[in-house]
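Take a look at the letters that make up each chain.
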Protein chains: 2
Amino acid sequence: MSDKIKLAVLGSGKGSNLVSLAKACANGSLPAEIVLVASDVADAGILERAAEYGLPAKFIDPGKFRTKLDEAAETAYVTALNESGAEWVALAGFMRILKGDFLRAFEKKVVNIHPSLLPAFPGLEAWKQAHDYGVKATGCTVHMVDHGIDTGTILAQGVVPVLDEDTPTTLHHRIQQEEHTLYPRTLARLFNGEIRI
Amino acid sequence: MSDKIKLAVLGSGKGSNLVSLAKACANGSLPAEIVLVASDVADAGILERAAEYGLPAKFIDPGKFRTKLDEAAETAYVTALNESGAEWVALAGFMRILKGDFLRAFEKKVVNIHPSLLPAFPGLEAWKQAHDYGVKATGCTVHMVDHGIDTGTILAQGVVPVLDEDTPTTLHHRIQQEEHTLYPRTLARLFNGEIRI
């Protein structure tokens, strides 16, 4: 028996946040075991990264909608997560909105990382929104997932200055670097009981 | 003839930002001369602070409205500012919305400091809004004043972490400390041509 938290990671993209979490699990700084990596995109990089780290990885068909899971898919995700034994779910670039049945199945156990200082710039391409607005400081936010879009309780925020010479791409890159530090550190504090919700 | 910028400061409160600007003018770090301090509150601390620093200070009746200037008051403010020779106007806790005629008279020459990282938490008591929301980072923003509420082009932002033990009052205090550094430094960069609008 391990006293590590059983963690599932859901993502749709390259999987760089998964890598930061997997490394933190491996070096002991994050007291968790990644029991499942699931993606709604069959050829997503995150599934390859999971395989490289020897983690169980699974494409689960998201169904017929573009921005959420259909009913059958929601059931398939909840079933797979339950079968994996996952106690917590970390979203890492998962591009689908999670709805009532999923959130009820993992009540107050779903976290996300968002590439802005929420509540500023919720939604898509937050780094581009911030760059276009002209802010001088942005960053990333680890928060609980609730029924709203990027509205849940904030657990931690990392600040990234916007430089005069930044493009949306260079800014996004530095925000991601901050994410790779903030996400594992915040989950560790959460699982160690240092953050109360 | 001085090559210093002639600056007017408008405020409704204690005047701590005025003091930071007056000190920066006095020590030469802000290449400006404060030619008028005006307030819509007859017994505002900012008028006493102005007198202490030997600055021309004037109460100008704001008229019959609570959150803006009435037409006669707007004319009185513009007249007083013109008579002072002011080239730029710095708002420092001025609790009235400036409208079209005022902004046309000082087009792109009015700046404000707001106690949050805009666009998050515009409007009143922004430090309390941020504390109540539960953000982990907030701060202050120096921005151009346009017709919206706290929507103008951002010139600079200073970040202030929110501590677990913060109350709205302690957070407000630390944001104000950051303001007292950020405001004179940003105006200096603006007047030195280091910031282009």
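So, how was this worked out
Residues numbered from 1 in each chain as written. Chains lettered and ligands numbered in written order. Predicted model: local features only at pLDDT ≥ 70, side-chain atom pairs only at ≥ 80, totals over all residues. Heavy atoms only, no water. Helix = DSSP H or I, 4+ residues; strand = E, 2+ residues; numbered from the N terminus. Rg over C-alpha atoms; globule rule 2.2 N^0.38 Å. Buried < 20%, exposed > 50% of the residue type's maximum accessible area, 1.4 Å probe, protein only. Areas by Shrake-Rupley, 256 points an atom, 1.4 Å probe, with all protein chains shown as cover. Least-squares fit on C-alpha atoms with pLDDT ≥ 70 in both. Contact = heavy atoms within 4.5 Å. Pairing = 2+ DSSP bridges. Axes fitted to C-alpha atoms, helices over the stretch in contact; angles between N-to-C directions. Salt bridge = Lys/Arg side-chain N within 4 Å of Asp/Glu carboxyl O. Phe/Tyr/Trp six-rings, centres within 6.5 Å; stacked < 30°, edge-to-face > 60°. Lys NZ or Arg CZ within 6 Å of the ring centre and 35° of its normal.

Notes on the overall build of chain A
No. 1: In terms of helices and strands, chain A carries six helices and seven strands.
No. 2: Ordered by position from the N terminus, the helices and strands of chain A form the series β-α-β-α-β-α-β-α-β-α-β-β-α.
No. 3: What you see for chain A is a C-alpha radius of gyration of 16 Å, in line with the 16 Å of a compact globule of 197 residues.
No. 4: Its C-alpha atoms put chain A at 50 × 40 × 35 Å along the principal axes.
No. 5: Going through the 197 residues of chain A one by one, you find that 52% of them count as buried.
No. 6: With the model as given, the accessible surface of chain A reaches about 9,200 Å², and the carbon-plus-sulfur share is 52%.

Comments concerning the relation of the copies chain B and chain A
One copy of the chain maps onto the second through a rotation around an axis plus a translation along that axis.
No. 1: Screw-axis analysis of chain B against chain A gives a translation of 0.0 Å along the axis, an RMSD of 0.0 Å, and a rotation angle of 180°. Taken together, the rotation angle and the small translation identify this as a two-fold axis. Among all residues of chain B, the one whose C-alpha sits closest to the rotation axis is A120 of chain B, at a distance of 2.6 Å.
No. 2: Residue by residue, 100% of the interface of chain B is reproduced at the interface of chain A, so both copies engage with the same surface.

What to know about the sheet that holds strand β2 (residues 32–39) of chain B
Residue and element names in this part refer to chain B.
No. 1: Spatially, β3-β2-β1-β4-β5-β6-β7 is the arrangement adopted by the seven strands of the open sheet, whose pairing is mixed. The sheet is open, and its two edges are formed by β3 (57–59) and β7 (154–161), each paired on a single side. When the angles between neighbouring strand axes are averaged without regard to direction, this sheet yields 20°.
No. 2: Each of β1 (5–10), β2, β3 and β4 (88–91) is contacted by helix α3 (residues 71–84), which is oriented at about 155° to β2, the strand it contacts most.

Let's talk about the pattern of salt bridges
No. 1: Tallied over the entire structure, the rule returns 16 salt bridges over all chains.
No. 2: Here D132 of chain A ties to K128 of chain A by a salt bridge, and the two come within 3.0 Å at their closest N and O atoms. Residue D132 of chain A and its partner K128 of chain A are located together in helix α5 (residues 126–133), separated by four residues, close to a single helical turn.
No. 3: Taking the shortest distance from any N to any O, the salt bridge between D40 of chain B and R96 of chain B comes out at 2.8 Å. Of this pair, D40 of chain B sits in the loop between β2 and α2 (45–52) while R96 of chain B sits in the loop between β4 and α4 (100–105); the two residues are 56 residues apart in sequence, bridging distant segments of the chain. There is no split in this pair, since D40 of chain B and R96 of chain B are both buried.
No. 4: Several salt bridges share partner residues, and in doing so they unite E48, R49 and E52 of chain A into one network.

Details of the packing of aromatic side chains
All names here are of chain A.
No. 1: Here the structure, examined in full by the defined rule, presents eight aromatic pairs over all chains.
No. 2: Considering the side-chain rings of W88 and F191, the 5.4 Å spacing of their centres and the 55° angle between planes classify their relative orientation as tilted. One end of the pair, W88, is in strand β4 (residues 88–91); the other, F191, is in helix α6 (residues 168–191), with 103 residues separating them in the sequence.
No. 3: Cation over ring: K68 sits above F65, and NZ or CZ is 4.6 Å from the ring centre.

Things to note about unusual backbone geometry
No. 1: The peptide bond linking L118 of chain A to P119 of chain A adopts the cis configuration, its omega dihedral lying at 10°.
No. 2: Tracing the chain through its elements places P119 of chain A in the loop between β5 (110–114) and α5.
No. 3: Positioned with a positive phi, K108 of chain A is a non-glycine residue whose angle comes to about 55°.
No. 4: Its location among the elements puts K108 of chain A in the loop between α4 (100–105) and β5.
No. 5: Looking at K108 of chain A, the relative accessible area reads 60%, which means it is exposed.
No. 6: Here the phi dihedral of D150 of chain B falls at roughly 65°; this positive angle occurs in a residue that is not glycine.
No. 7: Its location among the elements puts D150 of chain B in the loop between β6 (137–144) and β7.
No. 8: A relative accessible area of 14% places D150 of chain B in the buried class.

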